[in-house]
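Now for the letters of each chain:
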Amino acid sequence: MASSLKYVRVPPNSASLAEARQRVFEFFKTACRSIPSIMEIYTLHDVVAPSHLRSTIASEIRKNAHVTNTKVIDMLLFKATEELSNIVEHAKQRHHIIGQYVLGRQGLDVGTKDQGVSDFLKNFYKSNYF
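What you see is a predicted model, and the numbers here were worked out from it, not measured in a lab. (Residues numbered from 1 in each chain as written. Predicted model: local features only at pLDDT ≥ 70, side-chain atom pairs only at ≥ 80, totals over all residues. Heavy atoms only, no water.)

Regarding unusual backbone geometry
The condition is simple: Numbering of helices and strands starts at the N terminus; helices are DSSP runs of H or I of at least 4 residues and strands are runs of E of at least 2. In this scheme, a residue with accessible area under 20% of its type's maximum is buried, one over 50% is exposed, and one in between is partly exposed, where area comes from a 1.4 Å probe on protein chains only.
Even without being glycine, T43 reaches a positive phi, approximately 45°. Along the chain, the position of T43 falls in the loop between α3 (35-41) and α4 (50-62). Phi is positive for H90, close to 60°, though the residue is something other than glycine. Note on placement: H90 falls in the loop between α5 (70-88) and α6 (94-102). Of the residues examined, H90 reaches a relative accessible area of 43% and is grouped as partly exposed.

Encoded structure:
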């Protein structure tokens, strides 16, 4: 799978919004087809299901659904293609993938941290967390 993504290139300009939209759909299909190899490369089977990664990819694409400028769409598509090729070529480590695409923007929950027994630790935790 890595060899097929190595030569994927985004043409520099979309002629219309419909063409840019079609390229985004093609990228989504390519990204979804690469999920099994990503799961295998980074041994993510114990951490996340493929459907969760698929929904994460879809939410990242939907995040920019309001963009109507074709040049901006092409630039975002180029960045997404580079990100996918870096992931498939194992240019990232496992904890990068887990932090960016499994945990997402919410990150780790610091509210469940044990606040300690002593008053000193309770005051310390209160003063250092926003």
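Now, onward.
Some details on the packing of helix α2 (residues 17-33) against α4
This is how it is decided: Axes here mean lines fitted to C-alpha atoms, for a helix over just the part in contact, with angles spanning 0 to 180 degrees between N-to-C directions. Orientation is classified from the angle alone, with under 35 degrees giving roughly parallel, over 145 giving roughly antiparallel, 65 to 115 giving roughly perpendicular, and any other angle giving oblique. By the definition used in this description, the sense in which the near helix is turned from the far one sets the handedness, with an anticlockwise turn below a right angle giving left-handed and a clockwise turn giving right-handed. By definition in these notes, contact holds between two residues if any of their heavy atoms fall within 4.5 Å. For this classification, the nonpolar set comprises Ala, Val, Leu, Ile, Met, Phe, Trp, Tyr, Cys and Pro, the charged set comprises Asp, Glu, Lys and Arg, and every other residue, Gly included, is treated as polar.
Orientation of α2 relative to α4, taken along the N-to-C sense of each, is 160°, at an axis distance of 10 Å. Classified by the angle their axes make, α2 and α4 are roughly antiparallel. Between α2 and α4 lies a crossing of right-handed hand. Two secondary-structure elements touch here, α2 through V24, F27, F28, A31 and C32 and α4 through R54, I57, A58 and I61. Taken together, the residues that form the contact of α2 with α4 break down as eight nonpolar, no polar and one charged.

Shape is all these values report; function is a separate question.
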